[in-house]
Amino acid sequence: MNLSRVAASAAIVTAIAVTATACTSSGQPIPRTGTPSAPASAVVLSPPEIRPGYRQIASGGPRRGAWDLGPVQLAKGVSWVNVNCVADAGAGRITLVVDTVGEFTVDCPSTEARINVNQLDLAEGRRGRFHIETTDNVQWIASIQVPK
């Protein structure tokens, strides 16, 4: 499959916003950093909902900072990448990456939990690493869901 088709398929539907992160240029996963923590703001994050007919294959959080959620096997067809985030003050930014599919970036406000949902519609299954890249002032919860 050519890369432009993968990129186009990965960007088909963005319900609210999209996010993802990457591995190093050598293909090695970025080491886990960040630590579990309660939000400094009064905003409470809820885990992304599991869609009917789907199962969660990777998840993490609530956490702060960069984190490698490990390898994922995405199926042919529709999968979902979800992240809920909030910044301590002002706005933060989070990037989600599935290294063989794409990366997505979204702003995270401090006034409310931002719920981000991205639909991936792949022409063929793919394996990759799921990684979150952000600063320690952003708290997040993320998941990838594939059909059962």
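The structure we're discussing is the one just above.
Quick summary incoming for the structure in this document. (Residues numbered from 1 in each chain as written. Predicted model: local features only at pLDDT ≥ 70, side-chain atom pairs only at ≥ 80, totals over all residues. Heavy atoms only, no water.)

## Some remarks on the pairing of strand β8 (residues 126-134)
Sheet topology note: the strand β3 (residues 67-74)/β8 ladder contains 7 bridges and is antiparallel. In the strand pairing of β8, Trp-67 is matched with Ile-132. In this sheet, β8 lies alongside strand β5 (residues 91-98) in antiparallel orientation, the contact comprising 5 bridges. By the bridge assignment for β8, Thr-95 is matched with Glu-133. (Pairing = 2+ DSSP bridges. Helix = DSSP H or I, 4+ residues; strand = E, 2+ residues; numbered from the N terminus.)

## Some details on the nonpolar core
Within the largest apolar cluster, 25 residues are counted, with the highest numbers of intra-cluster contacts made by Leu-74, Ile-94, Phe-130, Ile-132 and Trp-140. Every element with two or more residues in this core is listed here: β3, β4 (77-87), β5, β6 (102-109), β7 (114-122), β8 and β9 (138-147). (Core = buried A, V, L, I, M, F, W, Y, C linked by side-chain atoms within 4.5 Å. Buried < 20%, exposed > 50% of the residue type's maximum accessible area, 1.4 Å probe, protein only.)

## Digging into the sheet that holds β6
Overall, antiparallel pairing links the 4 strands, which are arranged β3-β8-β5-β6 in an open sheet. At either end of the open sheet lies a strand with only one pairing partner, and these are β3 and β6. Strand-to-strand twist across the sheet, computed as the mean angle between neighbouring axes with direction ignored, equals 20 degrees. With 8 bridges connecting them, β5 and β6 associate as antiparallel partners. (Axes fitted to C-alpha atoms, helices over the stretch in contact; angles between N-to-C directions.)

## A few points about the layout of surface pockets
Here the largest pocket defines a volume of roughly 220 Å³. Along the walls of the largest pocket sit 13 residues, with Pro-47, Pro-48, Glu-49, Asn-84 and Ile-115 positioned nearest its centre. Broken down by element, the residue count for the lining of the largest pocket peaks at 3 residues, all from β7. Residue composition of the lining of the largest pocket, by class: 7 nonpolar, 4 polar and 2 charged. (1 Å grid on protein atoms, 1.4 Å probe; cavity = no way out; pocket = protein on both sides within 12 Å on 5 of 7 lines; lining within 4 Å. Points joined across faces, edges and corners; volume = space filled by probe spheres on them. Nonpolar A, V, L, I, M, F, W, Y, C, P; charged D, E, K, R; others polar.)

## What to know about the side chain of Gln-145
Topologically, Gln-145 is positioned in strand β9. One polar contact links the side chain of Gln-145 to the main-chain amide nitrogen of Arg-51, over a distance of 3.0 Å. In contact with Gln-145, not counting residues within four places along its chain, are Glu-49, Ile-50, Arg-51, Tyr-54, Arg-55, Gln-56, Ser-79, Trp-80 and Asn-82. (Polar contact = N/O pair within 3.5 Å; in protein donor to acceptor, adjacent residues only side chain to side chain. Contact = heavy atoms within 4.5 Å.)

## Topic: the environment of Ala-66
Among the structural elements, Ala-66 can be located in the loop between β2 (54-64) and β3. Its relative accessible area of 6% is what places Ala-66 among the buried residues. Residues Ala-66 and Trp-140 lie 74 residues apart in sequence; the distance between their C-alpha atoms is 10.0 Å.

## Overview of the packing of aromatic side chains
Throughout the structure, instances matching the rule amount to 0 aromatic pairs. Cation over ring: Arg-51 sits above Trp-80, and NZ or CZ is 3.6 Å from the ring centre. A cation over a ring is seen here: Arg-63 above Trp-67, with NZ or CZ 3.4 Å from the ring centre. (Phe/Tyr/Trp six-rings, centres within 6.5 Å; stacked < 30°, edge-to-face > 60°. Lys NZ or Arg CZ within 6 Å of the ring centre and 35° of its normal.)

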